[in-house]
Amino acid sequence: MTTSTRAFILCADDFGLHPAVDEAVEQLCLAGRLSATSCMTNAPRWQQAAPRLKDLRPRLSVGLHFNLTESYGGSVPAQPLGTVIRQAYAGHWSAPQMRAMWEQQLDAFETALGTPPDFIDGHQHVHQLPGMCQAMLDVMLKRYTPQQMPWVRSTAPVGTLWLSPKASIIALLGGWQTTRALRKAGVLVNHGFGGVYGFDAPTPDAYGAQMAQWLAQLQPGSLLMCHPATTKVVGDAIGAQRPVEFDYLHSEAFGALLEQHQCHIQQGPLKPLLKI
C-alpha cells in the first residue's frame, strides 16, 4: 500500500442476524478486509452477539443497521420492503412514532456496547425513506453532541454506478435526497456508494467481477456494502449468496484486485475520509 492508493470503506451489513454472519465479520476484520459492520439491534440474538465486537473496536467501526423489514418485533410490526416503502410515501407513521422507532434501536445499541454508534445506515436502506430521514436527524441532534455525532450512509452512487437499474432505484427512493438533507444538517457522509447487485453471483469469481466494476469507480471515502457469512444462512433471502461473498473477500484474488486498482480498505477512524 502506498500513499497514492485510494482509501475506501468496506462495510458488512447485518451483524447479529446469524452466527455465520458474525463469524464472517470477525474473520474479515482481523484479516484487514473490512472497515465496518452495521448491527441489527432488534434481532433476537443481538445481546448475545454484541460482546464479540468490543475487541474489534476501534479497528472496526460499528454502526446501527436500522431495521423495519425483518420480523424481529419492535415499536411497529415488521413488513415486507414494498409495504414499508408504500407506507412511508403515504405518510402512514406519525413523526413521534418514527422517532420512537429510532430511539428503540439506538437504545439497544448503546445498552449493549456502551457507546453511540460510529455510524448509521438502514437494512434495505429504510433510513432514507420519507419521514424516516427527518426522524433520524431529529433523534441524532437530540441525543448526541457534535463530538459524538454518528456519520450516516449515503446511497448516492459513485461515478457511473447509477447506470445500474437497482442502484438508480435505491438512489431515487431517497438516496440523493437524503444525502442533500444530511449535508445541509452538517452530518458527515461517505463520498459515493457501491456494492449494489442482484445477489446473483454464483461463484466467488463472479462476485469478484462485480467487485472489479465497483473498485474502478471508487473515490477516496466511497463506501461499498457487502453481506458475507461463513456458511449459508438458511431462511434468509440472500443466504446462499453470503458465503460466496465471504470466500471472495477473504481470498488472495481480492487482495490482488485491490493492488491492481490501487485501493485499500480503511480500518480505524473513518471520519477523516468523510465529507459534509
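Our subject is the structure listed above.
Along each chain, the written sequence defines residue order, and numbers are assigned to residues from 1. Reporting in this predicted model follows two pLDDT cut-offs: at least 70 for local features of residues, and 80 or more for side-chain atom pairs to be given and counted; totals over whole chains, interfaces and linings ignore these cut-offs and use all residues. Processing note: side-chain calculations cover all non-hydrogen atoms of the structure and skip hydrogens and water entirely.

A. Representation of the nonpolar core within the structure. Within the largest apolar cluster, 41 residues are counted, with the highest numbers of intra-cluster contacts made by W46, Y207, M211 and L215. Contacts are residue-level and defined by heavy atoms, with any inter-residue pair within 4.5 Å sufficient. Filtering out sequence-adjacent residues up to four positions away, L215 remains in contact with R6, F8, L224, F254, L257, L258, H261 and C263. Here, the term nonpolar core denotes a set of buried Ala, Val, Leu, Ile, Met, Phe, Trp, Tyr and Cys residues that are joined through side-chain atoms within 4.5 Å. Working definition: with a 1.4 Å probe on protein chains only, accessible area under 20% of the residue-type maximum means buried, over 50% means exposed, and in between means partly exposed. One finds I120, V126, M136 and M149 within the second-largest nonpolar core, a separate group that totals 27 residues.

B. Seen up close, helix α9 (residues 242-249). Note on conventions: DSSP H or I runs of at least 4 residues are helices, E runs of at least 2 residues are strands, and numbering of each starts at the N terminus. Within α9, 7 of the 8 residues are buried, which leaves it mostly tucked inside the rest of the structure. When we look at burial in α9, the residues that qualify are R242, P243, V244, E245, F246, Y248 and L249. In this structure, the buried side of α9 is in contact with β1 (6-15), α1 (19-30), α8 (204-217), β7 (223-226) and α10 (252-260).

C. Summary view of the pattern of salt bridges. We define a salt bridge as a side-chain nitrogen of Lys or Arg found within 4 Å of a carboxyl oxygen belonging to Asp or Glu. Counted by the stated rule, this structure contains 13 salt bridges. Of the charged contacts, one joins R45 and D22 as a salt bridge, the two residues approaching to 2.4 Å between their closest N and O atoms. Of this pair, R45 sits in the loop between β2 (36-39) and α2 (46-49) while D22 sits in helix α1; the two residues are 23 residues apart in sequence, bridging distant segments of the chain. The two residues R45 and D22 agree in class, both being buried. When salt bridges with common partners are traced through the structure, they connect E103, D107, E110, K142 and R143 into a single cluster.

D. Up close: α1. In a regular helix each residue adds 1.5 Å, so 12 residues correspond to 16 Å; α1 covers 17 Å between its end C-alpha atoms and thus fits that length. Within the span of α1, buried status applies to A20, V21, D22, A24, V25, L28 and C29. Its buried side turned inward, α1 meets β1, β2, α2, α3 (51-54) and α9. Looking one or two residues beyond α1, the residue adopting positive phi is G32, at roughly 75°. Multiply 1.5 Å by the residue count of a helix minus one, and that product is the helix's expected span.

E. Main features of the pairing of β7. Burial along β7 is two-sided: L223 and M225 facing one way and L224 and C226 facing the other are all buried. Note: two strands are recorded as paired if DSSP finds a minimum of 2 bridges between them. Pairing analysis gives 4 bridges linking β1 to β7, with the strands arranged parallel. Looking at the pairing, C11 lines up with M225 of β7. As judged from the 2 bridges shared by strand β6 (residues 193-194) and β7, these two strands associate in the parallel manner. When the bridges of β7 are listed, F193 appears paired with L223. By the criterion used throughout, a crossover qualifies as right-handed when its path from the first strand across the helix to the second strand runs clockwise, the strands pointing away from the viewer. Handedness of the crossover joining β6 and β7 through α8: right-handed.

Remember that the coordinates give geometry; whether it matters functionally is a separate question.
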